[in-house]
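Survey of secondary and tertiary structure
The primary structure of each chain is shown beneath.
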Amino acid sequence: MTEAAEIERETTNADAPFVRPDVAMMLAMMSAAGAPPMNEMAPADAREAYRMMRFMGDADPTPLAIIRDLTCPGPKGDIPLRYYDARESREAGPAIMFFHGGGFVIGDLETHHPYCTELAAKLDLPVIAVDYRLAPEHPFPAAPEDCEAAARWLAENGKELGLDITGLVFTGDSAGGNLTIVVTQALVARPAAVPVIAQAPLYPVVDSSQTGGSFTEFAEGYLLTADAMNWFNDNYAATPGDVRNDCILGDLATLPPTLLVTAGLDPLRDQGRDFAARCVKAGVDVTYMEMRGTIHGFICLRKGIPSAQDDCDAIFRGMKAMLNR
């Protein structure tokens with residue numbers, strides 16, 4: 001669609017949100033498929049449906065020199081991890097830890113595998129993804145406990161991977177965006193063996209009390225629904241006001257440089273905007289990106305929504321710029 005056509009479309013539909021053509025096509029296809037919403041499934045079935053979505057909607061994985069599964073000790077047993085690197089060996093430098101999304105109920109190493117391979121390749125840094133325990137079998141605070149344990153283990157044991165880690169960078173999407181901020185706050189409050197030098201939460205959930213604004217505007221018809229969010233929240237069973245869930249209530253002034261990304265058609269958009277604004281007021285070095293006309297979950301939909309590749313590339317450029325400052 002040309003720029004003139006976009007302007008005409010927005011002028012004639014002044015009250016309608018802008019939706020990219022490929023996003024509209026993806027949403028129409030999903031609606032036509034008639035699949036039951038995840039909030040009407042058993043958690044095990046919802047997890048399998050989420051895994052299958054990768055093969056229908058996401059790009060193929062990027063080839064890398066290293067893709068290796070391993071584990072680290074956790075508070076309730078070993079935590080599965082996956083190590084990605086574009087190089088067989090490298091000099092001392094930072095490492096990225098990735099926390100997957102899925103409402104703390106679904107998602108795993110497989111659902112975000114293509115994105116993690118692309119992240120490792122485009123940033124040319126090692127990436128370690130965390131397969132934390134999921135609700136409702138393991139409700140709050142199992143997820144943040146596992147992710148913090150994995151982060152502290154990586155800070156102390158990089159040499160087990162052949163890495164000399166000088167700093168940690170946390171990133172993740174949705175629930176993983178929440179965990180990004182929560183783990184950053186925990187390691188700033190009680191430092192690990194190496195410092196947290198940056199974070200990049202992607203369309204994070206940061207405020208479980210949000211009910212209006214984008215949460216209402218995009219409650220239906222844009223992939224993530226308000227009903228699904230309520231289902232995730234009920235299963236996760238977090239304590240209201242606990243900063244390990246409502247991380248917008250935590251100490252923001254001590255956060256490291258932050259790249260915060262939202263999606264324009266996301267129920268979580270406004271709480272992401274609010275979090276970024278509060279960080280700016282607290283004096284944090286913040287880069288804010290809002291991906292206009294697209295939906296929650298776009299980093300895992302690069303085949304179904306081709307324009308999502310441009311969004312991901314913008315995220316990678318933003319992370320590089322943040323790390324180079």
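What counts, and where the lines are drawn
- Residues numbered from 1 in each chain as written.
- Predicted model: local features only at pLDDT ≥ 70, side-chain atom pairs only at ≥ 80, totals over all residues.
- Heavy atoms only, no water.
- Pairing = 2+ DSSP bridges.
- Helix = DSSP H or I, 4+ residues; strand = E, 2+ residues; numbered from the N terminus.
- Axes fitted to C-alpha atoms, helices over the stretch in contact; angles between N-to-C directions.
- Buried < 20%, exposed > 50% of the residue type's maximum accessible area, 1.4 Å probe, protein only.
- Parallel < 35°, antiparallel > 145°, perpendicular 65-115°, else oblique.
- Left-handed = near helix turned anticlockwise from the far one by under 90°.
- Contact = heavy atoms within 4.5 Å.
- Nonpolar A, V, L, I, M, F, W, Y, C, P; charged D, E, K, R; others polar.
- Expected span 1.5 Å × (residues − 1).
- Polar contact = N/O pair within 3.5 Å; in protein donor to acceptor, adjacent residues only side chain to side chain.
- Phe/Tyr/Trp six-rings, centres within 6.5 Å; stacked < 30°, edge-to-face > 60°.
- Lys NZ or Arg CZ within 6 Å of the ring centre and 35° of its normal.

1. Here's the deal with the sheet that holds strand β1 (residues 66-72)
Across a sheet, paired strands are connected by hydrogen bonds in the backbone, their directions being either parallel or antiparallel. In space, the eight strands of this open sheet follow the order β1-β2-β4-β3-β5-β6-β7-β8, with mixed pairing throughout. Across the chains shown, the open sheet's two edge strands, defined by having one partner strand only, are β1 and β8 (286-291). For this sheet the average axis-to-axis angle between neighbouring strands, irrespective of direction, equals 20 degrees. Relative to strand β4 (residues 127-130), strand β2 (residues 79-85) runs antiparallel, the two being bridged by four bridges.

2. What to know about the environment of Asn-233
Relative to the elements of secondary structure, Asn-233 occurs in helix α8 (residues 226-236). In this structure Asn-233 comes out as partly exposed when scored by relative accessible area, which is 31%. On a C-alpha basis, the gap between Asn-233 and Met-53 in space is 22 Å, while along the polypeptide they are 180 residues apart.

3. Overview of the packing of helix α4 (residues 113-123) against helix α10 (residues 308-324)
Relative to each other, α4 and α10 sit at 45 degrees, their axes nearing to 10 Å. Overall, the two elements α4 and α10 adopt an arrangement that is oblique. Both α4 and α10 take part in a crossing whose hand is right-handed. Side by side, α4 and α10 meet where Tyr-115, Glu-118, Leu-119, Lys-122 and Leu-123 of the first sit next to Gln-309, Cys-312, Asp-313, Ile-315, Phe-316, Met-319, Lys-320 and Leu-323 of the second. Of the residues in the contact of α4 with α10, the class split is eight nonpolar, one polar and four charged.

4. Let's talk about the packing of helix α5 (residues 142-157) against helix α6 (residues 175-189)
Contact geometry for α5 and α6: axes closest at 10 Å, N-to-C directions at 55 degrees. The pairing of α5 with α6 is recorded here as oblique in orientation. Pair α5 / α6 crosses with right-handed handedness. Facing α5, whose interface residues are Ala-143, Pro-144, Cys-147, Glu-148, Ala-151 and Arg-152, α6 presents Leu-179, Val-182, Val-183, Ala-186 and Leu-187.

5. Some details on the environment of Ala-59
Here Ala-59 lies in the loop between α3 (43-57) and β1. A C-alpha to C-alpha distance of 9.9 Å links Ala-59 and His-113, two positions 54 residues apart in sequence. Setting aside residues no more than four positions away along its own chain, Ala-59 makes contact with Pro-114, Arg-302 and Lys-303.

6. Here's the deal with helix α9 (residues 269-281)
Compared with an ideal rise of 1.5 Å per residue, which puts 13 residues at 18 Å, α9 spans 19 Å between its outermost C-alpha atoms and is within 8% of the ideal. By the burial criterion, the buried members of α9 are Arg-269, Gln-271, Gly-272, Phe-275, Ala-276 and Cys-279. Each element contacted by the buried residues of α9 is listed here: α6, α7 (214-217), β7 (258-263) and β8. Where α9 terminates, the next one or two residues include Gly-283, which has phi positive at roughly 90 degrees.

7. Examining the side chain of Arg-82
Positionally, Arg-82 belongs in strand β2. At 2.6 Å, the side chain of Arg-82 and the side chain of Asp-69 are in polar contact. In this view, Arg-82 contacts Ile-67, Arg-68, Asp-69, Leu-109, Glu-110, His-113, Val-127, Ile-128 and Ala-129; residues no more than four positions away in its chain are not counted.

8. Focus: the packing of aromatic side chains
All chains considered together, the criterion is met by eight aromatic pairs. Here the aromatic rings of Phe-98 and Tyr-115 are separated by 5.8 Å at their centres, their planes lie at 45 degrees, and the arrangement is tilted. Taken together, the positions of Phe-98 in strand β3 (residues 93-99) and Tyr-115 in helix α4 put the pair 17 residues apart, joining distant regions of the chain. Comparing Phe-98 with Tyr-115, the two get one shared label, buried. Both rings, one in Phe-140 and one in Tyr-236, keep their centres 5.5 Å apart while their planes meet at 80 degrees; by these two values the pair is edge-to-face. Residue Phe-140 is found in the loop between β4 and α5, and its partner Tyr-236 is found in helix α8; the two are separated by 96 residues along the sequence. Across the pair, Tyr-236 and Phe-140 agree in class, each one buried. Ring pairs connect the aromatic residues Phe-98, Tyr-115 and Phe-316, which therefore count as one cluster. One Lys or Arg, Arg-292, reaches over the ring of Phe-18 and ends 4.2 Å from the middle of that ring.

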